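# Survey of secondary and tertiary structure
Below are the chains, spelled out letter by letter.
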Amino acid sequence: MNFRLASNPDIAYENITVCQAATNKSPKYFLTMCTMTKDMDRYVPHWLDYHKMMGVEHVYIYDNSRKSILARTTRKHIKSGFLTIIPWSHKHSPTKSYLEVQVASENDCMWRHKHISHWMMKIDVDEFLQPLDPNRPTIPDYLKDRNLDLDHLGSVRIQNWFFCRHSVKYGLQQLMNTRSVFERNLIRHAEPVPINRGRDKAIARPANVHLYKIHGVKLGGDTLTLSPTSEMRMVHYRGDNPLHHGFCSGRQYADFSMIRLWYKLNGGNVTDLNMHLGKMLPLMKKMGIKDANSLGNSSKLLAVSNTTGKTITGTQ
């Protein structure tokens, strides 16, 4: 079905699936990703590149901006068929917030692709899922793990772990404003955010979800929580979000695991990376930041006291 705005015929929604009944065919994609953005266009390319290398097969972006350049900044991904941009410049009700529009986009995406995508990641463009088990280096490796038997679930919960930029007081301003999001944000909080604090995100199983709201399934199958220290965590670069510049609080640790992963995925110049990190550590020590990297591999350097491990919870 096609819809056209009466007040402006140039704006239209085409080929909208009104209702898609269950099908015996296998889903087209094993893992997709869906989000809503507004004026975050320049942050999207690295987010797409990273998750494509992590096993995501297709991405749906609901564009809430009225002056978007997203189609230009993501041209290569659109051309390759990896990305679909859906115009979503709706306004929220006078008595509500933008979350009303976001929840609508999430459920539209979930229902529209219920039988097209086996699993669907629901994260923002400043959030990156990082597998921590070297034996399961990509996101699908966890979802296909026969020992976990995940297909009956509504979602897999991924805990949030905040990363932030460096202070400019020690001459890091030039380094802050260059390179990738991974190189700008080498400091993390001491511990992940505990579950059910409004920071978790999920990889949903659309066929088993009836209602979704930002941080998880509200009506549908059960949720499994992965350990943020040994299985998978959500690296949240909140300080790179223009709405939260300067965000960095509490105990801080230098954590180079994501930048090393990014270079490994891209076949980056290790000499250049080591030179960059070499500039960081002395300055971080002056700032009183502890070096978590000296503890060894990812599993060890992420060890904290509040590990949740595998837990099954009902719909929240």
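Numbering of residues starts from 1 in each chain and follows the order in which that chain's sequence is written. This being a predicted model, a pLDDT of at least 70 is required before a residue's local features are given, and a value of 80 or more before pairs of side-chain atoms are given or counted; all residues contribute to the totals for chains, interfaces and linings. Each side-chain value is derived from all of the structure's non-hydrogen atoms; neither hydrogens nor water enter the calculation.

So, about the state of the cysteines. Working definition: a disulfide is two cysteine sulfur atoms within 2.5 Å of each other. Tallied over the entire structure, the rule returns 1 disulfide. Disulfide partner of C34: C109, at an S-S distance of 2.3 Å. Where C34 bonds to C109 through sulfur, the torsion about that S-S bond is close to 135°, and the disulfide is right-handed. Residue C34 is located in strand β3 (residues 29-37), and its partner C109 is located in helix α4 (residues 99-112); the two are separated by 75 residues in the primary sequence. Exposed residues in this analysis have more than 50% of their type's maximum accessible area, buried residues have under 20%, and partly exposed residues fall in between, with area computed by a 1.4 Å probe over protein chains only. Residue C34 is classed as buried on the basis of its relative accessible area, which comes to 3%. Helix numbering and strand numbering both begin at the N terminus, where a helix is a DSSP run of H or I of at least 4 residues and a strand a DSSP run of E of at least 2.

A separate point is the sheet that holds strand β7 (residues 127-131). Strands are labelled as partners when DSSP assigns at least two bridges between them. An order of β7-β15-β9-β10-β16-β17 is seen for the 6 strands of this open sheet, with the pairing classed as mixed. Sheet topology places β7 and β17 (290-291) at the edges, where each strand pairs with a single neighbour. In this structure, strand β16 (residues 252-254) lies alongside β17, joined through 2 bridges in parallel fashion. The residue of β17 that forms the bridge with Y253 is K290. Sitting on the sheet, helix α8 (residues 257-266) touches β7 and β15 (232-237), and the angle it makes with β7 is about 80°. Any two residues whose heavy atoms approach within 4.5 Å at even a single point are treated as in contact. Here the axes come from fitting lines to C-alpha atoms, over the contacting stretch only for helices, and the angles between their N-to-C directions go from 0 to 180 degrees.

One less than the number of residues in a helix, times 1.5 Å, gives the span that helix is expected to have. Taking 1.5 Å per residue, 14 residues should reach 20 Å; α4 reaches 20 Å between its end C-alpha atoms and fits that length. Those residues of α4 that are buried are in contact with β3, β4 (58-63), β6 (117-122), β11 (201-204) and β12 (209-213).

Running from N to C, α8 and helix α9 (residues 270-286) point in directions that differ by 165°, and their axes come no closer than 11 Å. By the criterion of interaxial angle, the relationship of α8 to α9 is roughly antiparallel. Seen along the crossing, α8 lies across α9 with a hand that is right-handed. Contacts from I259, R260 and Y263 in α8 reach D272, L273, N274 and L277 in α9. Residues are grouped as follows: Ala, Val, Leu, Ile, Met, Phe, Trp, Tyr, Cys and Pro are nonpolar; Asp, Glu, Lys and Arg are charged; all remaining types, including Gly, are polar. Split into classes, the residues belonging to the contact of α8 with α9 amount to 4 nonpolar, 1 polar and 2 charged. Here roughly perpendicular refers to angles of 65 to 115 degrees, roughly parallel to angles under 35, roughly antiparallel to angles over 145, and oblique to all remaining angles. Crossing chirality is assigned from the near helix's rotation relative to the far helix, an anticlockwise turn below a right angle marking it left-handed and a clockwise turn marking it right-handed.

Take the packing of helix α1 (residues 44-53) against α8 next. Two measures define how a pair of helices packs: the angle their axes make with one another and the distance between the axes. Running from amino to carboxyl end, α1 crosses α8 at an angle of 75°, the nearest separation of the two axes being 11 Å. In this view, α1 runs roughly perpendicular relative to α8, as classed from their interaxial angle. When α1 is examined against α8, the residues H46, D49, Y50 and M53 are found in contact with a partner set consisting of M258, L261, W262, L265 and N266. Residue composition of the contact of α1 with α8, by class: 6 nonpolar, 2 polar and 1 charged.

What follows deals with the packing of aromatic side chains. Any two of the Phe, Tyr and Trp rings considered here, Trp counted by its six-membered ring, make a pair once their centres fall within 6.5 Å; the pair's planes then place it as stacked at under 30 degrees, edge-to-face at over 60, or tilted in between. The final tally for this structure, using the stated rule, is 8 aromatic pairs. Ring centres of F128 and F182 lie 5.2 Å apart, and the angle between their planes is 70°; this geometry places the pair in the edge-to-face category. Highlighted residues: F128 in strand β7 and F182 in helix α7 (residues 181-184), separated in sequence by 54 residues. The residues F128 and F182 share a single accessibility class, namely buried. Members of the aromatic cluster, joined through ring pairs, are Y50, F128, F163, F182, Y237 and W262. Lying over the aromatic face of F82, K52 brings its terminal NZ or CZ to 5.1 Å of the ring centre. When the NZ atom of lysine or the CZ atom of arginine is within 6 Å of a ring's centre and also within 35 degrees of its normal, the charge is said to sit over that ring. Between the NZ or CZ atom of K122 and the centre of the ring of Y212, over which it lies, the distance is 5.7 Å.

Any functional reading would require information that these geometric values do not contain.
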